[in-house]
Amino acid sequence: MSNKIPTRIYLSEDEMPKSWYNLRAIMKDKPDPMLHPGTLQPVTAADLAPVFCNAVIEQELDESNLLVPIPDEIQDFYRAYRPSPLIRAYYLEKALGTPAEIYYKFEGTNTSGSHKLNSAGPQAFYAKKDGLTSLTTETGAGQWGTAMSMACAFYDLKLIVYMVKISSEQKPYRKALMESYGANLIPSPSNTTESGKKILAGDPNTGGSLGCAISEAIETAVKTDKCRYVLGSVLNHVLLHQTVIGQEAKIALDKFGIKPDIIIGCAGGGSNLGGLIAPFMGDKIEGKANARFIAVEPASCPSFTRGRYAYDFGDTAQTTPLIRMMTLGSGYMPSPNHAGGLRYHGMNSTLAKLFKDGLLEAKAEVQTDVFDAAIQFMKTEGILPAPESSHAIKAAIDEANECKKTGKKKVILFGLSGTGYFDMTAYTSYNNKTMNDQVPSDADLEKGFASIPAIPQG
Ligand SMILES: *Cc1c(COP(=O)(O)O)cnc(C)c1O
């Protein structure tokens, strides 16, 4: 191709970011603080200490330091699989016949297959530094559990992974991969915890949810000596770690003077989207750029587009601090038919605030449309995308088609958060035409909303 912008824009190791980018520090209106569910006062570091590692707590509560230095050891960890490629989608552009320029940042080149390793590494490092011997976590589609299994193997920590039951059945190879890295895998809900037993008593056939698995993992962490809990999405420290994505993308684009007009990411709990958009959103808040930002979520779990902006629990057993977010209610159970991993009831508080303030747009897509986009993408660009990431592909294709209609040459950047190698069950159901699009009715959503705690929402 004769265009002067290379198909893959790589960074050298020296060009990789040395700090994480704390978006909250640059926001004029900050997200509301996390509240202690008993006192309804903002949580303190001491409140979080039984559950999380020290450095992570500090990061979670920090809304004033814009640049948070990445410890040298974590920079070394990142160098094992980063920088990730930023790719110009020349072939997709050509197939679409669009005047738009499309770029994507591909986070699926490490064995865990997604961006999740960007936070798993730091969280395991901090746990080791605190003298812990084990960690617990939950995993939905399996990417986070795999990433934590890799990071715990690297730092020699034991790991218990509560895996959403429906996913553990759909993805046996995920389980095998985590076990190969040495993790102890338990399908959730399980009878190893009080919260799991309670959920099973209510519905013995439940496919589980991330909210249930989180309850089980926290319970086990709190009950076990030298053990803490790690979370792979939703919280602000996870978004912080993921800002290596957006910073690398920005450094690469800046080399060629490219400024994205539209930045798109899929959103489950918001970490890859938040990490991708952070430095670009910072520029927008400072008036240096005026990009549009689009979150894409599944129509089966529409936290942004049909949820409420409210203080809610992060887990089904209602044990976590209260987070002001876009939420469907911690009791919301997404359809077990849904193939992707974007099945969480809530959404990161910073992104929820940006959405509320009109800085971030959101749209919901049904899964067959998402897989149509995935197929179009893999046939042109060659990469097998994760179903989650394909939500972003769908929106990017729509924006590129819009450019074709209007003749406007926009620059589109989207996050390709992972690969779909472990999602062939979902691809099979798409190919067989047995995949269906379950969209919750208003009555379904009301059931979830009823679980939002009745506290003053300010
Ligand atoms: C976990 C995951 C997501 C969703 O999580 P976010 O925190 O919203 O980023 C998206 N894509 C892939 C590939 C994932 O593994």
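This is a predicted model, so every value here is computed, not measured. (Residues numbered from 1 in each chain as written. Predicted model: local features only at pLDDT ≥ 70, side-chain atom pairs only at ≥ 80, totals over all residues. Heavy atoms only, no water.)

Visitor: Help me get a handle on the site of the ligand, residues and values and all.
Guide: Inspection of the region around the ligand gives 18 residues, with Lys116, Ser233, Gly268, Ser271 and Ser417 positioned closest. Measuring from an oxygen atom of the ligand, one finds a side-chain N or O atom of Ser233 at 2.5 Å. Notes on the ligand: free accessible area 380 Å², of which the protein chains cover 96%. The set of elements that each furnish at least two residues to the shell around the ligand consists of helix 12 (271-285) and helix 16 (387-406). (Near = heavy atom within 4 Å. Polar contact = N/O pair within 3.5 Å; in protein donor to acceptor, adjacent residues only side chain to side chain. Areas by Shrake-Rupley, 256 points an atom, 1.4 Å probe, with all protein chains shown as cover. Helix = DSSP H or I, 4+ residues; strand = E, 2+ residues; numbered from the N terminus.)

Visitor: How would you summarise the pairing of strand 5 (residues 101-106) if you had to cite specific residues and measurements?
Guide: Across the six residues that make up strand 5, a large majority, six, are buried. Side chains Glu101, Tyr103 and Lys105 project from strand 5 onto one buried face, and the interleaved Ile102, Tyr104 and Phe106 project onto a second face that is buried too. Relative to strand 15 (residues 411-416), strand 5 is paired through six bridges, and the arrangement is parallel. Across the sheet, the residue bridging to Glu101 is Val411, located in strand 15. (Buried < 20%, exposed > 50% of the residue type's maximum accessible area, 1.4 Å probe, protein only. Pairing = 2+ DSSP bridges.)

Visitor: I'd love a proper account of helix 10 (residues 210-223), names of residues and values included.
Guide: Taking 1.5 Å per residue as the helical rise, helix 10 with its 14 residues ought to reach 20 Å, and the 20 Å between its terminal C-alpha atoms agrees with that figure. Extensive coverage of helix 10 is indicated by the burial of twelve of its 14 residues. Its buried side turned inward, helix 10 meets strand 6 (134-139), strand 7 (158-164), strand 8 (184-188), helix 9 (194-202) and strand 9 (227-229). (Expected span 1.5 Å × (residues − 1). Contact = heavy atoms within 4.5 Å.)

Visitor: Kindly report on the layout of surface pockets, identifying the contributing residues and their values.
Guide: As a volume, the largest pocket reaches approximately 380 Å³. Considering the residues around the largest pocket, the lining is formed by 18 residues, among which Ile199, Asp203, Thr206, Thr316 and Met333 are closest to the centre. Residues that form the lining of the largest pocket fall into these classes: five nonpolar, ten polar and three charged. The volume enclosed by the second largest pocket comes to roughly 330 Å³. (1 Å grid on protein atoms, 1.4 Å probe; cavity = no way out; pocket = protein on both sides within 12 Å on 5 of 7 lines; lining within 4 Å. Points joined across faces, edges and corners; volume = space filled by probe spheres on them. Nonpolar A, V, L, I, M, F, W, Y, C, P; charged D, E, K, R; others polar.)

Visitor: Explain helix 17 (residues 424-431) to me, and be specific about the residues and the numbers.
Guide: Of the positions making up helix 17, those classed as buried are Ala426, Tyr427, Ser429 and Tyr430. Taken end-on, helix 17 shows its buried residues confined to a sector of 160°, consistent with a single buried face. Residues of helix 17 that are buried make contact with helix 15 (367-381) and helix 16. Of the residues trailing helix 17, Lys433 is marked for its positive phi of about 65°. (Arc of directions from axis to C-beta.)

Visitor: Describe the packing of helix 6 (residues 143-155) against helix 8 (residues 172-180), listing the residues and the values that go with them.
Guide: For the pair helix 6 and helix 8, interaxial distance at closest approach is 8 Å and the crossing angle is 15°. Judged by the angle between their axes, helix 6 and helix 8 are roughly parallel. Of the two possible hands of crossing, helix 6 and helix 8 adopt the one that is left-handed. In contact with Gln143, Gly145, Thr146 and Ser149 of helix 6, helix 8 contributes Arg174, Leu177 and Met178. (Axes fitted to C-alpha atoms, helices over the stretch in contact; angles between N-to-C directions. Parallel < 35°, antiparallel > 145°, perpendicular 65-115°, else oblique. Left-handed = near helix turned anticlockwise from the far one by under 90°.)

Visitor: Could you give an account of the sheet that holds strand 9, with specific residues and numbers?
Guide: Read from one edge of the open sheet, four strands run 8-7-6-9, paired in parallel fashion. Because the sheet does not close on itself, it has two edges, and the strands there are strand 8 and strand 9. Across the sheet, the axes of successive neighbouring strands diverge by a mean angle of 20°, strand direction being ignored. In this sheet, strand 7 lies alongside strand 6 in parallel orientation, the contact comprising six bridges. Counted as the bridge partner of Ser134 is Lys158 from strand 7. Strands strand 6, strand 7, strand 8 and strand 9 of the sheet are contacted by helix 10, whose axis makes an angle of about 170° with strand 6.

Visitor: Provide a residue-level description of the pattern of salt bridges, including the pertinent values.
Guide: For the coordinates displayed, the defined rule picks out 27 salt bridges. Arg88 is the partner of Glu93 in a salt bridge, and the nearest nitrogen-oxygen pair spans 2.7 Å. The pair formed by Glu93 and Arg88 is uniform in burial state, with each residue classed as buried. The salt bridge partner of Glu399 is Arg292, with a shortest N-O separation of 3.3 Å. (Salt bridge = Lys/Arg side-chain N within 4 Å of Asp/Glu carboxyl O.)

Visitor: Report on the sheet that holds strand 4 (residues 86-88), specifying residues and quantitative values.
Guide: The strand order across the open sheet formed by seven strands is 1-4-5-15-10-11-14, and the pairing between neighbours is mixed. At either end of the open sheet lies a strand with only one pairing partner, and these are strand 1 (8-9) and strand 14 (361-365). Against the sheet, helix 11 (residues 236-255) contacts strand 1, strand 4, strand 5 and strand 15, and its axis sits at roughly 135° relative to strand 5.

Visitor: So what about the side chain of Lys171? Which residues, and what values?
Guide: If you trace the backbone, Lys171 turns up in the loop between helix 7 (165-170) and helix 8. Lys171 sits in the buried class, given a relative accessible area of 6%. Setting aside anything within four residues of it in sequence, one finds Lys171 in contact with Ala141, Gln143, Met163, Phe422 and Asp423.

Visitor: Help me get a handle on unusual backbone geometry, residues and values and all.
Guide: Geometrically, the link from Arg82 to Pro83 is a cis peptide bond, its omega value of -5° lying close to zero. Of note, Pro83 is situated in the loop between helix 3 (72-79) and strand 4. Here the amide bond leading from Ser188 into Pro189 is cis, since omega sits at 5°, within 30 degrees of zero. Tracing the backbone through its elements, the reader meets Pro189 in the loop between strand 8 and helix 9. A positive phi angle is found at Leu40, which is not glycine, with a value near 60°.

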